[in-house]
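# Notes for the structure review
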Amino acid sequence: LPVIAMTANAMIGDREKALAAGMNDHVAKPIKLDQLFGTLARWIRPVGVVRPAGLQFDESALRAGGVEPGSALHNKLLSMIVERERNFGDRFRAAAGDCVTATRLAHDLKSEAATLGALPLSNLAGELEAACVRGAPMQEVNALLDVVLAALAPFLQALQGNENQGPA
């Protein structure tokens, strides 16, 4: 079982002291999520890795965000995006006329998809977000929404199908 030290300060020599005391690794406060997740990913290996069939993730983007492809954290994030975004279209349409909410919804999807390494979906959601920010006509926003939903549907469907199969 790996032991990772966390210190409340980042003094020179803290890491060396922790390693000398028998710790496997060290993380200093203030916590930087990419550093924390990267450190955890080096030491935690998943049991029963679940890889969604037919979905491609940019593994370098995942790792840059501190998420190891196929890890328990990755699987949890995939499950969370299914739960959160399964009604994206309905929530986005309900926000019609509320530019702030529509922008936030598109931004959240863009960020979630990028965190998961689903960069094509993230880019499409980013285009929708940009249209909301600049106050594009509803016809343009709706057309972009249709494109986002066309990319989101098979993504969520593959993830939902994978959840029903359970761990590999």
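Sequence order as written defines the numbering, with residues in each chain counted from 1. Restriction of local features to residues with pLDDT of at least 70 applies here, the model being predicted, together with a cutoff of 80 or more for giving and counting side-chain atom pairs; totals for whole chains, interfaces and linings are based on all residues. Here the side-chain values reflect all heavy atoms present in the structure, with hydrogen atoms and water set aside.

## Regarding the overall build of the protein
Put simply, the rule reads: In DSSP terms, a helix is any run of H or I states spanning at least four residues, a strand is any run of E spanning at least two, and both are numbered starting from the N terminus. Throughout, exposure labels follow a simple rule: accessible area from a 1.4 Å probe, protein chains only, divided by the maximum for the residue type, with under 20% read as buried, over 50% as exposed, and the rest as partly exposed. Contacts between residues were defined by any pair of non-hydrogen atoms, one from each residue, lying within 4.5 Å. Accessible surface area values rest on a Shrake-Rupley calculation with a 1.4 Å probe, where residue burial reflects the displayed protein chains alone.
Scanning the protein from terminus to terminus reveals eight helices and two strands. Reading the protein from its N terminus to its C terminus gives the helix and strand order β-α-β-α-α-α-α-α-α-α. Counting across all 168 residues of the protein, residues that qualify as buried make up 37%. Pairs at least 24 residues apart make up 53% of the contacts formed inside the protein by residues separated by at least 6 positions. Carbon and sulfur atoms provide 59% of the accessible area of the protein, an area that totals close to 9600 Å².

## Here we look at the pattern of salt bridges
Threshold: Between Lys or Arg on one side and Asp or Glu on the other, a salt bridge is scored when a side-chain nitrogen of the former is within 4 Å of a carboxyl oxygen of the latter.
Following the criterion strictly, the structure yields ten salt bridges and no others. Here the salt bridges share partners, and the residues they tie into one network are R84, E85, R91, R104, D108 and E112.

## Digging into the layout of surface pockets
Think of a ball as big as a water molecule: rolled over the atoms, this probe shows where empty space is left. Here is the rule we go by: Cavities and pockets were defined on a 1 Å grid built over protein atoms only: a cavity is a set of grid points that admits a 1.4 Å probe from which the probe cannot escape, a pocket is an open set flanked by protein on both sides within 12 Å along at least five of seven lines, and lining residues are those with an atom within 4 Å of any such point. Grid points are joined across faces, edges and corners, and a volume is the space filled by probe spheres set on the points.
Quantified by volume, the largest pocket comes out at close to 190 Å³. Forming the walls of the largest pocket are 16 residues, and the residues nearest its centre are G97, A102, C132, M138 and V141. Broken down by secondary-structure element, the contributors of at least two residues to the lining of the largest pocket are α5 (88-94), α6 (99-115), α7 (119-133) and α8 (138-165).

## Quick word on the side chain of D108
Note the following rule: For the purposes of these results, a polar contact is taken to be a pair of N or O atoms within 3.5 Å, where, inside protein, one atom must be able to donate a hydrogen and its partner to accept one; residues adjacent in sequence count only when each atom of the pair is a side-chain atom.
Mapped onto the elements, D108 comes out in helix α6. Among the polar contacts listed, one links the side chain of D108 to the side chain of R84, at a separation of 2.5 Å.

## Considerations on the nonpolar core
The condition is simple: Nine residue types can take part in a nonpolar core, namely buried Ala, Val, Leu, Ile, Met, Phe, Trp, Tyr and Cys, and a core is a set of them joined through side-chain atoms within 4.5 Å.
Counting 27 residues, the largest nonpolar core has F88, F92, L109, L128, L152 and F155 as its most contacted members. For this core, the element with the most residues is α8, which contributes eight residues.

## A closer look at α7
A turn of α-helix holds 3.6 residues, and therefore any two residues three or four places apart point the same way. How we decide: In this scheme, a helix's expected span is set at 1.5 Å multiplied by one less than its residue total.
Relative to the 21 Å expected for 15 residues at 1.5 Å per residue, α7 spans 20 Å between its end C-alpha atoms, a close match to the ideal helical length. Along α7, the positions that sit buried rather than exposed are L121, S122, A125, G126, L128, E129, A131 and C132. A positive backbone phi angle near 70° is found at G135, which sits one or two residues after α7.

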